[in-house]
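Spelled out from the first residue to the last, the chains are:
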Amino acid sequence: MTAPRQFRLTLACPDRLGIAAAVAQCIVDHGGWVQEAHNHAETDDPHFFMRVAIEHASLAPRLDDFQRAFEALAARFAMRWSLADSARPKRIVLMVSKQAHCLYDLLGRMQAGELPGQIVAVISNHPDLRGLVEWHGLPFHHVPVTPDTKPAAFAEVERLHAAYGAELIVLARYMQVLPPALCARQAGRILNIHHSFLPSFVGARPYHQAHARGVKLIGATCHYVTADLDEGPIVEQDVIRIDHADRIEDLVRTGQDVEKAVLARGLRFHLEDRVIVHGHRTVVFR
Ligand SMILES: Nc1nc2c(c(=O)[nH]1)N[C@@H](CN(C=O)c1ccc(C(=O)N[C@@H](CCC(=O)O)C(=O)O)cc1)CN2
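Residues numbered from 1 in each chain as written. Predicted model: local features only at pLDDT ≥ 70, side-chain atom pairs only at ≥ 80, totals over all residues. Heavy atoms only, no water.

The chain has the name Formyltetrahydrofolate deformylase in an unreviewed UniProt entry, where Aquariibacter albus is given as its organism. Listed in UniProt under the heading Pathway (unreviewed entry), the comment for the chain reads: "Purine metabolism; IMP biosynthesis via de novo pathway; formate from 10-formyl-5,6,7,8-tetrahydrofolate: step 1/1." (UniProt positions renumbered as here; feature names shortened; annotations may be inferred.)

Okay, the sheet that holds strand β2 (residues 34-42) next. With antiparallel pairing, the 4 strands of this open sheet are ordered in space as β2-β3-β1-β4. This sheet does not close on itself; its edge strands, each paired only once, are β2 and β4 (80-85). Taken pair by pair, the neighbouring strands of this sheet meet at an average axis angle of 10 degrees, ignoring direction. Packed onto the sheet, helix α3 (residues 63-76) meets β1 (6-14) and β4 and runs at close to 160 degrees relative to β4. (Pairing = 2+ DSSP bridges. Helix = DSSP H or I, 4+ residues; strand = E, 2+ residues; numbered from the N terminus. Axes fitted to C-alpha atoms, helices over the stretch in contact; angles between N-to-C directions. Contact = heavy atoms within 4.5 Å.)

With that settled, consider the UniProt feature "active site" (unreviewed entry) in the chain. The UniProt feature table records "active site" (unreviewed entry) at D230. Mapped onto the elements, D230 comes out in the loop between β10 (217-224) and β11 (234-241). In contact with D230, not counting residues within four places along its chain, are N192, H194, L198, V202, G203 and H223. In this structure the side chain of D230 is engaged in a polar contact, spanning 3.4 Å, whose partner is the side chain of H194. (Polar contact = N/O pair within 3.5 Å; in protein donor to acceptor, adjacent residues only side chain to side chain.)

Looking now at helix α4 (residues 101-111). Regarding α4, the residues found buried are H101, C102, L103, D105, L106 and L107. Taken together, the buried residues of α4 touch β5 (90-96), β6 (117-124), α5 (130-135), β8 (168-171), β9 (190-194) and α9 (248-271). G113 lies just past α4 and shows a positive phi near 75 degrees. (Buried < 20%, exposed > 50% of the residue type's maximum accessible area, 1.4 Å probe, protein only.)

Here β8 shows no split at all, with L168 and V170 on one side and I169 and L171 on the other all buried. As defined by bridge partners, β5 adjoins β8 across 4 bridges and the pair is classed as parallel. Note that in β8 the partner of V93 across the bridge is I169. Two elements, β8 and β9, share 3 bridges in a ladder whose sense is parallel. Within β9, the position partnered with I169 by the bridge is I190.

This brings us to the sheet that holds β6. Strand order in the open sheet made by the 7 strands is β7-β6-β5-β8-β9-β10-β11, with mixed pairing throughout. The open sheet is flanked by β7 (140-142) and β11, the only strands paired with a single partner. Taking the axes of each pair of neighbouring strands and ignoring which way they run, one obtains an average angle of 20 degrees across the sheet. Taken strand by strand, α4 contacts β5, β6, β8 and β9, and its axis lies near 150 degrees from that of β6. Seen against the sheet, α9 touches β5, β6, β8, β9, β10 and β11 and runs at an angle of roughly 155 degrees to β11.

Right, here's the structure in full:
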């Protein structure tokens, strides 16, 4: 059963009286039929966040009028907003190094029609996973990264990103640090799966750190990528219990299942326009 086609309106602005009423009125004035609505008022730093799912057929006939009217409303409330069509899946470039578990999972979800987005290509700094990707009928690009070649390598990544018309990069266990300029140009459009329950154990070897520390819970974190390693706004997290008998390889095996589930959930929230970034934090209308 395919999900009903809808527009997803998301917005954020300084909080004040009448925002929700004005938004609802603008939708009704243009025949919009609301199917789902969430809002959140941040009290510490007074800000208002809203996501409204509108039946596509109800608004489509007057879409241009609605967008003009909403632009005027947005100016009145100093709002940042976006309107997405659920029938136009976002184009995704996956990046991976050698570990395949998250790539396998996302390719499987794509194959099963579960992923509300379109994977258009895979980029890796190793050749190892070419066969798996091409078996799924997707283009694979091997872009090696060494300290000397890093600037040219990421220039090639950005060229491919533009060539595929990508709207999202997903780091599915990509083990190279992205340069600040790329992070800035694609702010809010790069997701990473980090194999720890952040802010604990940043870096490339969190399972080793977790084992050494003797923690009883390990986890994974899906976050937007910024120039500051593993510091980006968090979209989704989860944990799983371990114990004294677990060796590092047991943590890696157990953790992989959490990584796959957290990345799939975080990616779906982004693809369904359920995430609004606010400074260093996110509002997620699950
Ligand atoms: N600008 C950013 N780039 C990346 C981030 C990020 O948050 N900001 N996350 C990483 C993923 N990651 C952990 O989740 C991670 C990957 C790699 C390293 C690291 O230290 N890499 C070494 C090389 C390691 C190797 O070759 O195996 C390095 O780049 O020198 C830390 C954390 C993806 N990129």
